[in-house]
Amino acid sequence: MKHSTQRILCTHTGSLPRPADLRDALVRIDQGDPPDAETFAVQVQAAVADVVARQVAAGLDIVNDGEMSKVSYSTYVTERLSGFGGAGRSVAPPDIQDFPEWALGLGMGDVSDTIAVPACVDDVTYANRAPLDTDLAHLRAAVRTSAPHDVFMSAASPGVVSLFLENQHYASHDDYLHALAAAMKVEYDAIHQAGFVLQIDCPDLAMGRHIQVPGASLEEWRRTLLLHVDALNEATCDIPPADMRIHLCWGNYEGPHHLDVPLGDILDIVFRARPAGIAFEAANPRHEHEWQVFEDVALPDGKVLIPGVIDTTTSYVEHPELVAQRILRFARVVGRERVIAGTDCGFASAAAMAPIDPKITFAKLRAMADGAERASGELWDGRPAHTPVTLPR
Amino acid sequence: MSAIQPSSSRVLTTHAGSLPRPADVRAVLMRGGDRSDDAIRQRMREAVAEAVGRQVDSGIDVVSDGETGKVGFILYVADRLAGVSLERTVDGVYSRHGPADLRDYPEALGFAFAGTAISGEQEAGIREETTMLVNDGPITYTGAAQLAEGLDSLRAALEGRDVEDAFLPAISPSIAAMQMVRRHYESHAELLEALGEALAHEYRAVVDAGFILQVDTPDITGKHVLGFDMSLQAYREQVAVQIDVLNRALRGIDPSRVRIHLCWGNYPGPHHHDLPLRDVIDLAYRVNAAGISVEAANPRHEHEWTVFEEAPLPEGKYVIPGVIDVCSPYIEHPEVVAQRIERYARVVGVENVVAGTDCGFGSTAGRTNVPERIVWAKLSSLAEGAKRAASRLVRSSRSGKAAP
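Attention here is on the structure that accompanies the text. (Residues numbered from 1 in each chain as written. Chains lettered and ligands numbered in written order. Predicted model: local features only at pLDDT ≥ 70, side-chain atom pairs only at ≥ 80, totals over all residues. Heavy atoms only, no water.)

Regarding the environment of B:Val241
As a reminder of what qualifies: A helix here means a DSSP run of H or I that spans at least four residues, while a strand means a run of E at least two residues long, and both kinds are numbered starting from the N terminus. Each residue is placed in one exposure class: buried if its accessible area under a 1.4 Å probe, protein chains only, is under 20% of its type's maximum, exposed if it is over 50%, and partly exposed if it falls in between.
Tracing the chain through its elements places B:Val241 in helix H12 (residues 232-249). B:Val241 gets classed as partly exposed once you look at its relative accessible area, which sits at 47%.

Quick look at the structure:
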């Protein structure tokens, strides 16, 4: 994993809006009516090449495939893992349930109807490597053309799979987690061996608090969290920490978020996860203040922060000076070389849901790169990040 | 009621004026027409009292009537001015251009306005035909009775309520002129002058009634809507003229009882063409108003507290930064609110900051970006954040003074 040694590097969380035809194909796959496999593969390949080029053009340093081939960042695993079928319970955030009138506006009522959620009904194994190998090949090809600074690929954590795909087979939650860890290890190792930075998506470590176990005490939930981190560490035991990052989030939806667990309540457990990089929401109005946590809690050696400096739920294009201010707050606390600029979450966590217009998405990524340049100027060259006031007479 | 004398032991809270109207009130406003019917008047009064009660319960110190009786922050003047009427038309500044950021991303319109009831001026520029003000005769102020009813409603609503102060918004002459199709006056300058003279009656009546007057002045900052194709210099010259007219309309009014509200349009669009505050802050300072309310929470303007470092707040003025984003359903964490307040307080002094919101929660009666109950939760977060900021700021200023 490259670090911000000479300037602040930029990356993002992973998912980007799919082209319309690809989105339609992914929705069909999700509904059990897959389009022609060859046509689909061609669509994905073209989309990956394009999205890598667009990230580089927007000024991003550490890019990915935009999750073009995936129905969603977590449920894609059902195509690759054995043991899933039937119907599982679907989860809805309780903060939204507190404000049902908002859920209606979001169309949240429809989501569970369009996204089928199976359950774990049999032994989990990594049964189908073909989609993974295709993803790796597409990204490898796109990178050869666009030559980015660094490349990452996302994979679901054992914990997030357990959050969204109900266990109806294993005797305990812990058994389920270990089975998922053993299976997902295949994918993690393959991504690492391909030479990409492995990003493990871990909303279970933050959003899990208000989605998975809203009734539990913080102490009870922290015990569950330890199990999730243990499973993650087991699954990544053969990969050097410096080649991995995790992504924490509280749910990529435009909601009140008043039940989100504070970062400070989970950070000690998050630090126990092996990956060196920690990406997390730090731009939206529920988490923007949490840079201050790092004034009280020292960042362990070797860890690097990837704070979200772009809010992925608003169409406002962040002002580059705001991006710079957000980066500077972190850099002043943990040191400039230990900060990489990122986004709060994905721009299309599920293919069918891209709340921000695609063109605006890339304008926001550009604003991040411009802001990182301003912050770098201040951090390395002592040039103020903001434009001075020069009023005409 | 006392004038605002921000005390260094507290950070006062307020908001930008409009709040979500109850459904039945909204229906009355949207229907238009006569409101002198006793039952309607009574209901409007109740609704103002409810709006005040909600604000007090949420911890707001300087409250408004929620603009309960207004159909929109601009269009309401049609009821109060002779020589001005409403018309569905394709003419007019907004409908000719629309916000420049949305011109760049026309496909974003569906996103920016999805799930909301679009109406009034927010709709302008988006659909080909929209409701515009039309000037078809000499303009005089004929709204004294409606205004008096509004002032009485607010006064009644405040009885027995523990508030620091209360304010009432009114539109600036120039924003009304820009939203107006001119058929009577020969020039824009004459129209602007006539509007200034007419609206002066409203401004004075609000202050004479003991309330703070808030003049909504999006015309100072709204270059991307009102003058996108103009050079900055030409736009600044235009704004300077507008401010001269506004200051004449404010003549004789104690500036400490006046605040202005600067904004860039209350819609969840990309906003990448918004004029930087630093380009017009000196002009905003020229208005004879002590308070300056400005968007400072949304991602396009949150960084602009730095402007006040280099363009210091003139003596006697105070700033009302928006610390709540009115386009986002996220309920701001009180610590986010506190940090935003502290950034301003460190630059302009804690005694010169009143915590506010970016813009209204119902700039027009028919449109809200955020559901009502989340609005109250956001205002409660504002109050809680202001308390946290005050306790820290006062502690640090005390320890500073105590230092040898």
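A word on the pattern of salt bridges
Residue and element names in this part refer to chain B. For clarity, the threshold we go by: Here a salt bridge means any side-chain nitrogen of Lys or Arg lying within 4 Å of a carboxyl oxygen belonging to Asp or Glu.
Taken as a whole, this structure holds 41 salt bridges over all chains when the rule is applied. The shortest N-O distance in the salt bridge between glutamate 149 and arginine 41 comes to 3.5 Å. Here glutamate 149 is found in helix H7 (residues 144-158), whereas its partner arginine 41 is found in helix H2 (residues 38-58), with 108 residues between them in sequence. Across the pair arginine 392 and glutamate 342 runs a salt bridge whose closest N-O atoms are separated by 2.8 Å. You can see arginine 392 sitting in helix H16 (residues 372-402) and its partner glutamate 342 sitting in helix H15 (residues 334-348), a full 50 residues away along the chain. Since its relative accessible area comes to 8%, glutamate 342 is described here as buried.

What about the packing of aromatic side chains?
Convention followed: Planes of paired rings set the category: under 30 degrees apart is stacked, over 60 is edge-to-face and the rest tilted, where pairs are Phe, Tyr or Trp rings (Trp by its six-membered ring) whose centres lie within 6.5 Å. Both a distance and an angle decide whether a charge sits over a ring: NZ of Lys or CZ of Arg must be within 6 Å of the ring centre and within 35 degrees of the ring normal.
Tallying each qualifying case throughout the model produces six aromatic pairs over all chains. An aromatic cluster is defined as three or more aromatic residues linked by ring pairs; in this entry it consists of A:Phe280, A:Phe294 and A:Phe330. Directly above the aromatic system of A:Tyr76 lies the positively charged group of A:Lys70, at a separation of 4.1 Å from the ring centroid. Cation over ring: B:Lys70 sits above B:Tyr76, and NZ or CZ is 4.1 Å from the ring centre.

Overview of the interface of chain A and chain B
Going by this rule: Working rule for contacts: check all heavy atoms of both residues, and any pair within 4.5 Å makes them a contact. Buried area: the accessible area, evaluated with a 1.4 Å probe, that two parts lose upon being put together, summed over both parts. Under the rule applied, a polar contact is a pair of N or O atoms within 3.5 Å (in protein, one hydrogen donor and one hydrogen acceptor; residues adjacent in sequence only if both atoms are side-chain atoms). The nonpolar class holds Ala, Val, Leu, Ile, Met, Phe, Trp, Tyr, Cys and Pro. Asp, Glu, Lys and Arg form the charged class, and all remaining residues, Gly among them, are polar.
Chain A puts 46 residues into the contact, and the matching count from chain B is 45 residues. Both faces considered, chain A and chain B share a buried interface measuring about 4,100 Å² in area, 58% of it formed by carbon and sulfur atoms. When residues of chain A are sorted by the area they lose upon contact with chain B, A:Pro285, A:Tyr316 and A:Val389 head the list and together hold 19% of the total. As a salt-bridge pair, A:Arg326 and B:Glu302 come within 3.1 Å of each other at their nearest N and O atoms. Across the contact surface, chain A and chain B share 21 residue pairs in polar contact (both at pLDDT 80 or more). For the side of chain A that touches chain B, the element with the highest residue contribution is helix H13 (residues 320-334) of chain A, accounting for six residues. Per-class residue counts for the side of chain A that touches chain B are 20 nonpolar, 14 polar and 12 charged.

Section: the nonpolar core
Inclusion rule: As used in this record, nonpolar core signifies buried Ala, Val, Leu, Ile, Met, Phe, Trp, Tyr and Cys residues forming a set joined through side-chain atoms within 4.5 Å.
With 113 residues, the main nonpolar core has A:Ile246 and A:Phe294 as its most contacted residues. Sorting elements by how many residues they give to this core places helix H8 (residues 173-193) of chain A first, with 10 residues. Listed in part, the 109 residues of the second largest apolar core include B:Leu154, B:Met180, B:Val350 and B:Cys359.

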